[in-house]
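# Descriptive structure summary
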Amino acid sequence: MSKISLALICGGKSVEHEVSLISAKNIIAALDFSKYELNLFAVAKDGSFRFYADHNDFLDNQDNLDIVSLKETGFVSVAWSVIDGKGQAVLPAGNKIIDAVFPIMHGSFAEDGKMQGFLEMLNLPYVGPDVLASSISMDKEITKKLVELAGIKVAKYLSFNTRNRSEINFAKVEAELGLPVFVKPANSGSSVGINRAKDETSFNHAVEEAFSVDHKILIESAIVGREIECSVLGNHENLIAGEVGEIVPSAKHGFYSYDAKYLDESGAALLIPAPLEPAKKKEVQELAKKIFSTCQCEGMSRVDSFLTANGEIVFNEINTIPGFTQISMYPKLMMAETGMSYSALIDSLITLAMDRYSRNSKILFEKKMVE
Ligand SMILES: Nc1ncnc2c1ncn2[C@@H]1O[C@H](COP(=O)(O)OP(=O)(O)O)[C@@H](O)[C@H]1O
Ligand SMILES: [Mg+2]
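Residues numbered from 1 in each chain as written. Chains lettered and ligands numbered in written order. Predicted model: local features only at pLDDT ≥ 70, side-chain atom pairs only at ≥ 80, totals over all residues. Heavy atoms only, no water.

## Structural notes on the site of ligand 1
Around ligand 1, 19 residues are found, and the nearest of them are Lys140, Lys184, Ser191, Glu220 and Glu227. Between Glu220 and ligand 1, the recorded distance is 2.8 Å, taken from a side-chain N or O atom to a nitrogen atom. In this structure, an oxygen atom belonging to ligand 1 sits 2.3 Å away from a side-chain N or O atom of Glu227. Calculation on ligand 1 without its partners gives an accessible area of 540 Å², and the protein chains cover 96% of this total. Looking at the shell around ligand 1, the elements that each hand over two or more residues are strand S12 (181-185), strand S14 (216-221) and strand S19 (313-319). Classifying every residue of the shell around ligand 1 by side-chain character gives 7 nonpolar, 6 polar and 6 charged. Residues from two domains meet in the shell around ligand 1; each of domain 2 (136-140 + 146-151 + 224-350) and domain 3 (156-221) gives at least three. (Near = heavy atom within 4 Å. Polar contact = N/O pair within 3.5 Å; in protein donor to acceptor, adjacent residues only side chain to side chain. Areas by Shrake-Rupley, 256 points an atom, 1.4 Å probe, with all protein chains shown as cover. Helix = DSSP H or I, 4+ residues; strand = E, 2+ residues; numbered from the N terminus. Nonpolar A, V, L, I, M, F, W, Y, C, P; charged D, E, K, R; others polar. Domains from an automatic or database assignment.)

Structure representation (structure tokens):
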């Protein structure tokens, strides 16, 4: 059997560029090279596409998330073209035919439908949710609206954008949501730009910081509860929910901030499984699948919620290209529940991408015949 030509695209223009590089490194380490010919692409912070011929040598300071970066040597610039109906990478040494893409990039221009739209234009199968699902899931306000419509509880929130920013009033926020509140960019990730505010000074600072990341922000009432996460894998009706995990941020950080996530080794305890009654675990898993479908997701996503003291599950957010770093929960939770290996999980994600592509191509073809 000939090998699948896999394009792994990492990096990207978002604040999660570095997280993506580490995710890519882990995927490469787990990839079954008897099945795949790996082609490593990276999007530099300026948006330019690079191809690294040696996928083992594309990072500087790869053991330190704080300073990891793409190597400034060993790459060539890439252009993309569609030839005989399919996307190919145009390289100085000749074109690369691609069978499937794993865009392991997080945040804006990566996880929000923009990269997915680019890959649709290239007519290439890709891992993770499609354009619409990615866009829905990236915007924390739109996601909350849809999830609420499906009858699932979310934190009370207010949203503001650059147009009505002047209407933000601390007294009103306090009256409506209580204190403390969480102030966050509508489109971000890895806790970048997120702060908990307990008084007017910290609130004003938090609003300023959130607006420095996005033109739309959410102000949410703080949910007191345990932070639980569940991985989902599959296309449409054949969904698998992973184990339920729990994040326990250390008292020093107070919540699961960027520092607690990535920079402080003892920033948070990750519990797999989360200590839950079997019935509660099942409830979290069923809800995760419902949220995944509500957001139109296919392939993979990680659904994050809070579990309150009275047993209520409050949805927080969904991540369509979750991290694949050493501490990342998506692969750990899926492997813990199913027993599959890291490389089998990657196989499964690529197979789902190719299955969806075939299904959609067939529909497009049949539609053409009807017309
Ligand atoms: N409404 C809330 N109540 C309590 N904690 C929250 C709330 N919103 C966010 N947090 C805390 O902030 C962290 C990051 O927020 P989240 O919405 O998950 O953004 P990101 O996409 O950056 O991960 C959460 O993991 C949690 O610790
Ligand atoms: Mg989160």
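## Thoughts on the domain arrangement of the protein chain
Taken domain by domain, the protein chain consists of domain 1 (4-126), domain 2 (136-140 + 146-151 + 224-350) and domain 3 (156-221). Taking the mean C-alpha position of each, domain 2 and domain 3 sit 24 Å from one another. Facing the 12 residues of domain 2 at the interface are 16 residues of domain 3. The junction of domain 2 with domain 3 conceals about 1100 Å² of combined surface from both sides, 49% of it contributed by carbon and sulfur atoms. There are 1 salt bridge connecting domain 2 and domain 3. (Contact = heavy atoms within 4.5 Å. Buried area = accessible area lost by both parts, 1.4 Å probe. Salt bridge = Lys/Arg side-chain N within 4 Å of Asp/Glu carboxyl O.)

## Concerning the nonpolar core
The biggest cluster of nonpolar side chains holds 41 residues, and the ones touching the most others in it are Leu8, Phe58, Phe102, Ile104, Phe324 and Leu349. For this core, the leading source of residues is helix H1 (residues 17-30), giving 7 residues. Three or more residues apiece are contributed to this core by two domains, here domain 1 (4-126) and domain 2 (136-140 + 146-151 + 224-350). Those residues in contact with Phe324 that lie beyond four places of it in its chain are Ile22, Ser23, Asn26, Ile27, Phe102, Ile104, Met300, Tyr330, Pro331, Tyr342, Leu345 and Leu349. One finds Leu239, Val303, Leu307 and Ile318 within the second-largest nonpolar core, a separate group that totals 24 residues. (Core = buried A, V, L, I, M, F, W, Y, C linked by side-chain atoms within 4.5 Å. Buried < 20%, exposed > 50% of the residue type's maximum accessible area, 1.4 Å probe, protein only.)

## Notes on the side chain of Ser190
Residue placement: Ser190 occurs in the loop between S12 and strand S13 (195-197). Residue class for Ser190 comes out buried when judged on its relative accessible area of 7%. At 2.6 Å, the side chain of Ser190 forms a polar contact with the side chain of Glu16. In this structure, Ser190 is in contact with Glu16, Val19, Tyr258, Lys261 and Tyr262, ignoring residues within four places of it in sequence.

## Notes on the pairing of S12
Of all 5 residues in S12, 5 are buried; the element is thus mostly enclosed. Going residue by residue along S12, you find Val181, Val183 and Pro185 tucked away on one face and Phe182 and Lys184 tucked away on the opposite face as well. Note: S12 against S14, 5 bridges, orientation antiparallel. Bridged to Val181 within S14 is Ser221. (Pairing = 2+ DSSP bridges.)

## Here's the deal with the sheet that holds strand S10 (residues 100-103)
Within the open sheet, the 5 strands sit side by side as S6-S3-S2-S1-S10. Their pairing is mixed. Single-partner strands in this sheet number two, and they are strand S6 (75-77) and S10. Sheet twist, expressed as the mean angle between neighbouring strand axes with direction ignored, is 30°. One ladder, built from 4 bridges, connects strand S1 (residues 4-11) with S10; its direction is parallel. Looking at S10, one finds that Leu6 is bridged to Ala100. Running over the sheet, H1 touches S1, strand S2 (36-43) and S10 and is turned about 150° from S1. (Axes fitted to C-alpha atoms, helices over the stretch in contact; angles between N-to-C directions.)

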